[in-house]
Structures are given as structure tokens and as C-alpha cells.
Amino acid sequence: MARQHDQKNRKTRTLAVHAGEAPDPVTRASAPNIVMSSTFVLDEPVGFSAYDIPEDAPFIYSRWRNPTVQQLEDKMAVLEEAPACRCFASGMAATSAVLFSVLKTGDRLVMSDANYPGTAELARNDLKRMGIEVVTANFSDLNALEQAVTPETVLVWGETPANPTTRITDIAAVAEIAHQHGARLAIDSTFASPMATRPMTLGADYVIHSLTKYCCGHGDAMGGAVLASEEHMRAIETDGQIHVGGVMSPFNAWLINRGLATLPIRMESHEVNAMAVAHFLEAHPKVKKVLYPGLVSHPHHDLAKKQMDNFSGMLSFQIDQGADLAQKMMSDLEIIHYAVSLGHHRSLICWMGTDDLMASSYGLSGEQLAAYREFAGDGVYRLSVGLEDSDDLCEDLVRVLG
Ligand SMILES: *Cc1c(COP(=O)(O)O)cnc(C)c1O
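Just so we're clear, the structure is a prediction, and the values are computed from it rather than from any experiment.

How should the pairing of strand β12 (residues 379-384) be read in this particular structure?
Working note: regular strand, side chains alternate between the two faces of the sheet. The buried fraction of β12 amounts to six of the six residues, a majority that puts the element mostly inside the structure. In terms of strand pairing, strand β9 (residues 314-319) meets β12 through four bridges, oriented antiparallel. Across the sheet, residue Ser316 finds its bridge partner in β12, namely Arg382. Two elements, strand β11 (residues 348-353) and β12, share six bridges in a ladder whose sense is antiparallel. The residue bridging Ile349 from the neighbouring strand is Leu383, located in β12.

Structure representation (C-alpha cells):
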């Protein structure tokens, strides 16, 4: 990975370790301190409105800004090649900060029909209740997307690779369609991580991460991030962060900052492991289909090669009567944990039934449902391939697949 940034031409691995950090000026501590203080002692009077905090304001109150959280924001912005980053208590807090600060009654949101279920439910239920029109489109079908993006469309929301099918969206093409109609594009890039894709360099206006996943990488802290231009970030800051208030704990910021230092080398290993497990599954007689962007058989492999510097560690696979095997996985797997979430050093697997997802989150019918089923069938096992030895992971899968 030899990407170069504006930061004195330093390379990604160096930036992941050092960006946003500096030795403590007083103690000369090499590792960052955690500043847990909720308030800061002031030298001069300050206003109480979120709307007129000057750019160069000191730290005032940790819901507005916190030094430890800011270190993480600075590192994330550098890794994403984005002008600004703000962090939140979870990926959903970051997601809702964007949706609620950008959209108002009467606006139209065009959303990908394959998405994280929490985002899909929030849009379908809460945004609709607030009088926002929500339509879904298959983002792999650019003609269908073009039809969906009307002049009333304010925001287009995509996710790539998409949960749980690993469908890839062409960010540059979707950005062009959105911008032609005066809409902004938000990309949930959680599955890709900043090592695979930097959506703002491809035209996205907002990037959203669940930091709970690859960025933290160890399954022990929740967080979310929004990346955007300074101009777009102002509404996210005042409405999403200061007023809605789902801010990140400094302790979580410190843990995730530590996780980011190893993100480049972890993602390299996730990819190598996922490729090995994907090949093993593809050759297994019981497995009907494996979806991993790194496999030549993936329907969007060429796009993935073009858009991603790393295929990540997320794959899904189908087996006949898949749901029936879930119980055996829960009891017989010795290494892989049967659990939701992803991007951890531990491998995680869970069953995601199509009917269940449709009922709870997507509500697709007709052509859209048919297109979704082409990818996901009746359901898939979503496997987040961790950092264990891939031979041991395949052996674990033999315990349940035979
Ligand atoms: C997990 C996840 C989220 C939500 O993040 P939380 O940190 O759990 O709130 C959003 N999008 C994607 C793609 C995710 O995987």
C-alpha cells in the first residue's frame, strides 16, 4: 500500500501510527493521554450557542469537542483523505447525525436497497414519520438509479460493499448521477475501511463509518465517524453532534485510535485470510455460492478491483437449507464465534435470512427483490474473517459443513 498523502508525502502505515498524535508537551509521554474531563477551565467568557463557536475556540465542553476524540478525528480524516471528521458514540449515531441534519420534511432520500438493516429501518420508519420521502433503488442498476433521483432528491445514500451481500456500488458513477440532480451523496464505507476505499476522492460528499468494526478492530469499543467538507460538517456538528448529543466517550476514542495504528497491517491479513477461506468455501460441495469481492466469480469483481485497494475480510455464502445449520454452528464451532458484528480480530459468523431482512428492514418487492435474491438467495451466512490462522478457520468450518 503505497498511497501518498499531503502529509509530507508520508505513507499510509506511517500515518496510521502517527497522524493526529504528538508526544505530550508537558510529560513527554509517547502514547496519547486520555482526557476524560467533561469541562475545561476557561480564560475568557464564551457564548452558549452551538452556532457561534469560533473555529479557533479552546476546549469548552466535551460534547462540543474533546482533545482525545479530536486526535481520533484527525487520524481518521488523514486516512480517509477527507477535509474533516467528527466522531460519534456509534455508527448509527453517525448515520442519524447525517440523515437528521441534512434532510427536512418534503425532501426525498434515495437509498440503496441493500443496506445495513439499522439504516434501512431508520429511513423507512423514522424519516418517513417526519415527512421525508424515502425510495430505494438497486445501485448496481444505474438506469434505475437515474430514474429514482428526481429534482426533489436532496440526499443519495449508498453502502459499499453492501451488507450482507458484498454488492459493490460504483461510487464515482453514483456521485455523478446525484450531483447532476443537485443531490449530495453519502457512502457508508464500513465494510471497506479507509484502507480499501476513500469515497470522498471518488466524489462522495459524506462518508460514514461504524468504527465499531474494522477501525477499532478488536470488538471492544463502539463508535462512528462522519467525514465531509468543512462546510458540510458545520450542520453535522451543530445539529447532529452538539444538539442530538450522541458523542463518543474519550476512552472509546483512545481505544479506537490505538486500533487504527494497526489498521493497514490488519486489513492486509484480513484480505489474505478471507481469500483463503473464500477459495476453501467455493470448492466445498455443500456450498452453493460464495460472495467475496476478491473472487473472480464475484459479479462485481472488476469494479471491486478498480475501486478497492483491499478486498476486506467480509464474505457471505449460501448453502441449501442454510437456516437449519445455524444451531450446529452455535454449538460446534470452536474458533469462529456465532455472533453479529464484524471487522474484529476474532472471526464472526451469523445467518441472515432474506425473508427476515425484507420484513424488518427493506420491504422490497418485484424486480428489486428478484435482484436481491439473485445475490442472497433465501439467506446467507455472513462471515467476518478474522486474524486467526486460515487453516484453523477452514478446519472449524469443516466441523459444521462436513
Ligand atoms: C455496524 C454497522 C453500522 C452501525 O454501526 P454501530 O456502530 O453498530 O452503530 C452501520 N453500517 C454498517 C455497514 C455496519 O456494519
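Now that the structure has been shown, the text picks up again.
What am I meant to see in helix α6 (residues 171-180) here?
Every α-helix carries 3.6 residues per turn, so stepping three or four residues along brings you back to the same face. For α6, the full list of buried residues reads Ile171, Ala173, Val174, Ala175, Ile177 and Ala178. On the buried face of α6, the contacting elements are α5 (142-148), β4 (153-159), β5 (184-188) and α11 (301-307). Immediately downstream of α6, the backbone of Gly182 shows phi near 75 degrees, a positive value.

What exactly am I supposed to notice about the packing of helix α13 (residues 354-362) against helix α14 (residues 366-376) here?
The geometry of a pair of packed helices is captured by two quantities: the angle between their axes and the separation between those axes. Between α13 and α14, whose axes approach to 11 Å, the crossing angle comes to 135 degrees. For the element pair α13 / α14, the angle class is oblique. Crossing handedness for the pair α13 and α14: right-handed. Within the contact between the two elements, α13 uses Thr354, Asp355, Leu357, Met358 and Tyr362 and α14 uses Leu369, Tyr372, Arg373 and Ala376.

Is there a simple way to think about the sheet that holds strand β8 (residues 287-291) in this case?
In any sheet, the strands associate via hydrogen bonds between backbone groups, in a parallel or an antiparallel arrangement. The mixed open sheet is built from five strands, whose spatial order is β8-β9-β12-β11-β10. Looking at strand neighbours, the two that pair on one side only are β8 and β10 (337-338), the edges of this open sheet. Sheet strands touched by helix α10 (residues 263-282): β8, β9 and β12. Its angle to β9, the strand with the most contacts, is close to 10 degrees. Packed onto the sheet, α13 meets β11 and β12 and runs at close to 75 degrees relative to β11.

Is there a simple way to think about the confidence of the model for the protein in this case?
Low pLDDT means the predicted coordinates in that region are not meant to be read closely. Within the protein, residue pLDDT values average 95, and 98% of them lie at 70 or more. Confidence drops under pLDDT 50 across residues 1-5; counting only partners more than four residues distant or on other chains, this segment forms 21 contacts.

Mind showing me how you'd approach the packing of aromatic side chains here?
Any pair of aromatic rings gets described here by the distance separating the centres and the angle formed by the planes. Under the criterion given, the structure shown has six aromatic pairs. Relative to Trp254, the ring of Phe251 has its centre 6.2 Å away and its plane inclined at 15 degrees; by these criteria the two rings are stacked. Taken together, the residues Phe251 and Trp254, both in helix α9 (residues 250-261) and three residues apart, mark about one turn of the helix. Under the relative-accessibility criterion, Trp254 is labelled partly exposed at 23%.

Honestly, the pattern of salt bridges in this entry has me stumped. Any pointers?
Opposite charge on two side chains permits them to pair, given that their charged atoms come into close proximity. In this structure the tally under the stated criterion is 18 salt bridges. Note that Asp332 is salt-bridged to Lys328, the shortest N-O span being 3.1 Å. Of the two residues, Asp332 and Lys328 are both situated in helix α12 (residues 326-332); the distance of four residues between them amounts to about one turn of the helix. Asp332 gets classed as partly exposed once you look at its relative accessible area, which sits at 28%. Lys328 sits in the partly exposed class, given a relative accessible area of 33%. A salt bridge links Glu395 to Arg399, with the nearest nitrogen and oxygen atoms 3.8 Å apart. Taken together, the residues Glu395 and Arg399, both in helix α15 (residues 390-401) and four residues apart, mark about one turn of the helix. Residue Glu395 is classed as partly exposed on the basis of its relative accessible area, which comes to 47%.

Scoring rules and cut-offs
- Residues numbered from 1 in each chain as written.
- Predicted model: local features only at pLDDT ≥ 70, side-chain atom pairs only at ≥ 80, totals over all residues.
- Heavy atoms only, no water.
- Buried < 20%, exposed > 50% of the residue type's maximum accessible area, 1.4 Å probe, protein only.
- Helix = DSSP H or I, 4+ residues; strand = E, 2+ residues; numbered from the N terminus.
- Pairing = 2+ DSSP bridges.
- Contact = heavy atoms within 4.5 Å.
- Axes fitted to C-alpha atoms, helices over the stretch in contact; angles between N-to-C directions.
- Parallel < 35°, antiparallel > 145°, perpendicular 65-115°, else oblique.
- Left-handed = near helix turned anticlockwise from the far one by under 90°.
- pLDDT = per-residue confidence, 0-100.
- Phe/Tyr/Trp six-rings, centres within 6.5 Å; stacked < 30°, edge-to-face > 60°.
- Salt bridge = Lys/Arg side-chain N within 4 Å of Asp/Glu carboxyl O.

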